[in-house]
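Coordinate inspection notes
One-letter residues, chain by chain:
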Amino acid sequence: MTWFRKRKYTVLKPTEKKRVDIPDGLWHKCQQCLHILLARDYEKNLWVCPKCNFHDRVSGWDRIGITFDPESFIADEDILDPTDPLEFFDTMNYMDRLVSYQKKTGLKDAVITGIAKCGGYKVVAGVMEFNFAGGSMGSVVGEKITRAFERSLKERLPIVIICASGGARMQEGILSLMQMAKTSMAIARLNEAKIPYITVLTHPTTAGVMASYASLGDVIIAEPNALIGFAGPRVIQQTINQILPKGFQRSEFVRDHGFIDIVTNRKDLRNTMINLLSFFAPWAREKEEVSSQSQ
Amino acid sequence: MALATFDFEKPIVELEREISDLLSRENEPGISRKIKALEQKLEKTKIDIYSKLTPWQRVQVARHMARPHSLDYIQSIFTEWTEIHGDRCFADDMAVVTGFGNIGNQSVTVIGQQKGKDTKENLARNFGMMHPEGYRKAMRVMRIGERFNLPIIIFIDTPGAYPGIGAEERGQAEAIARNIRDMFTLSVPILIIIIGEGASGGALGIGVGDYILMMENAWYCVISPEGCASILWRDRAMAARSAEALKLTPPDLLKLGVIDEIVPEPLGGAHRDPVSSFQTVRSALEKRLQELVKIPGDVLIERRAQKYRKMGVFLENKPEK
Ligand SMILES: [Zn+2]
């Protein structure tokens, strides 16, 4: 193994050197297997390494682009701003943190919601942005997700939520915890109204988000090798003081223990979703055709 | 046996020792006057100290080993207490007790997270940290309660849901999420009282209710002060500061609209006078219960949804039309 890595390194060195002469960002190096390929090809492969199948993180907007029908996504008006109800201070004050995440992502908080089409099926969609505070859920994320569920209920449209989150947002304290209750309450109503809810878990989906809406889909799909669980692996390791089993809390492990329905490669995710929508919500497609005919 | 005391209680402990020294010489002339003066001073010192507890001190009081735990309250408040066990699926999680009893003329379902009084009992009770089977056991019992129209009373006291291999393998997150959702569908009153620690999803997993009561020296938060300190400051020793930042005390939570009532404790904490604590808790529960049992089930469900629908703080810029 050591030999293999070393060998690989020496082989790749000239290529890396070559990068100096070519525009930045033209090449991508896989963070898992160090395979190098053109960034353009990497993007075409949906940010998945063709060699080791490492599923890289995808920004919220890119995720929307690769999941829903082209040009079909209409974002909700971005009218909710996070605030600092606890006047939280740690090494930095929370308001400053928020501003820096907002600059970094162009979003007001860690989720994009809207309406979209997936293989012609009209769906309400929520996509979490991990680059915003680790996709953590505070009041705004909880409210936007809840409103998405409510829209899905009101318009009788299936809903898809693509999760990526380290859990509840500490800086909003108990209010973040209450978002777990608020979102789950909205799901209870959706279930009663028999409206399908598909959850997609991407790396990582843990803690407060996993212990609320991420775990409550009618069908739960996950990308390969995503970290999925309640407690973080480091906390568990510290608590039990023993080595964690191989693959622990990864998608396949969680599926094998019965808590994820399907693990699917990113390239097949869309088709899996379309199949499920065709089983659960054929009306979501018809509805669209009827309304476009009447226009 | 003397109660374990905290550093901030030192002045109280010293005064109490002085008084007990004097009491042993009670027959000497002038002693009773001295005792009386010291007792007044003790009372004043207690009020001074206990009314100004910092959030971190409160967390410590909430964790006091001698503090009454769920079964102490349950056994003194409910008659005909009948415990039932197991999730009918995997195991009986001893970190949570479930059963039925009567409070006044009202039969109820009772659930409580249970810590131990000593290390041995704590090991059996897993320090009040539930596994998935505990959450499933609780929901099973709540469903029985619903079927037979019994209001549900829940005592919260946990340092968190257990972070272990088995807990993850058996779906800790799923168990908690499902409970949270399903508690919104129960058509009987749900009354929650946080008697000690209310740590995060571990508490919320049996913590959705029509009224949330909280004892004066309890805490309730999205994360423990130590957990928060180790993440944000990378130093567990910063727990005192994170306890302050997290706004986890009952007055903070009342202000944030997360709890409905603070149940007062005897001076110095429930462990200093358990019997009076049982009485206060009993009457607080009875009062709320009398109100809730009059409300029809469908109205209860709607009210509960509305209560949680409102939670959260953000700015909304209504678009101009
Ligand atoms: Zn690779």
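Values in this document were obtained by computation on a predicted structure and should not be read as measured data. (Residues numbered from 1 in each chain as written. Chains lettered and ligands numbered in written order. Predicted model: local features only at pLDDT ≥ 70, side-chain atom pairs only at ≥ 80, totals over all residues.)

On to the overall build of chain B, then. Secondary structure assignment for chain B yields 14 helices and nine strands. The C-alpha radius of gyration of chain B comes to 21 Å, within 12% of the 20 Å expected for a compact globule of 321 residues. Seen through its principal axes, chain B has C-alpha atoms that stretch 75 × 55 × 45 Å. Split into buried and exposed, the 321 residues of chain B put 46% on the buried side. Nonlocal contacts in chain B, meaning residues at least 24 apart in sequence, comprise 71% of its contacts between residues at least 6 apart. (Helix = DSSP H or I, 4+ residues; strand = E, 2+ residues; numbered from the N terminus. Rg over C-alpha atoms; globule rule 2.2 N^0.38 Å. Buried ≥ 20, exposed ≤ 12 C-beta atoms within 10 Å, placed from the backbone. Contact = placed C-beta atoms within 7 Å.)

What follows is about the packing of helix α10 (residues 225-232) of chain B against helix α11 (residues 239-246) of chain B. All names here are of chain B. Contact pair α10 / α11: the axes reach a minimum separation of 8 Å and the direction vectors enclose 105 degrees. With respect to α11, the element α10 is oriented roughly perpendicular. Judged by residue contacts, Pro225, Glu226, Cys228, Ala229 and Leu232 of α10 engage Ala239, Ser242, Ala243 and Leu246 from α11. Here the contact of α10 with α11 is composed, by residue class, of seven nonpolar, one polar and one charged. (Axes fitted to C-alpha atoms, helices over the stretch in contact; angles between N-to-C directions. Parallel < 35°, antiparallel > 145°, perpendicular 65-115°, else oblique. Nonpolar A, V, L, I, M, F, W, Y, C, P; charged D, E, K, R; others polar.)

Counting from both sides, the interface comprises 50 residues of chain A and, opposite them, 47 residues of chain B. When contributions to the side of chain A that touches chain B are tallied by element, the ones reaching two or more residues are β4 (80-82), α5 (139-154), α6 (173-192), α7 (207-210) and α8 (233-240) of chain A. If one sorts the elements of the side of chain A that touches chain B by residue count, α6(A) sits on top with 14 residues. Considered class by class, the residues forming the side of chain A that touches chain B number 30 nonpolar, 15 polar and five charged. Judged from the three bridges that link them, β4(A) and strand β9 (residues 314-316) of chain B form a sheet pairing that is antiparallel. When the bridges of β9(B) are listed, A:Leu80 appears paired with B:Glu316. (Pairing = 2+ DSSP bridges.)

Now for unusual backbone geometry. Peptide bonds are trans in most cases, and residues, glycine excluded, mostly fall at negative phi. Along the chain, A:His203 connects to A:Pro204 via a cis peptide bond; the corresponding omega equals -15 degrees. For A:Pro204, the location among the structural elements is in strand β8 (residues 197-206). Of note in this structure, A:Glu87 is not a glycine but carries a positive phi near 50 degrees. In this structure, A:Glu87 sits in the loop between β4 and α4 (94-105). A positive phi angle, near 55 degrees, is found at B:Asn126, a position not held by glycine. By secondary structure assignment, the location of B:Asn126 is in the loop between α5 (119-125) and α6 (132-147).

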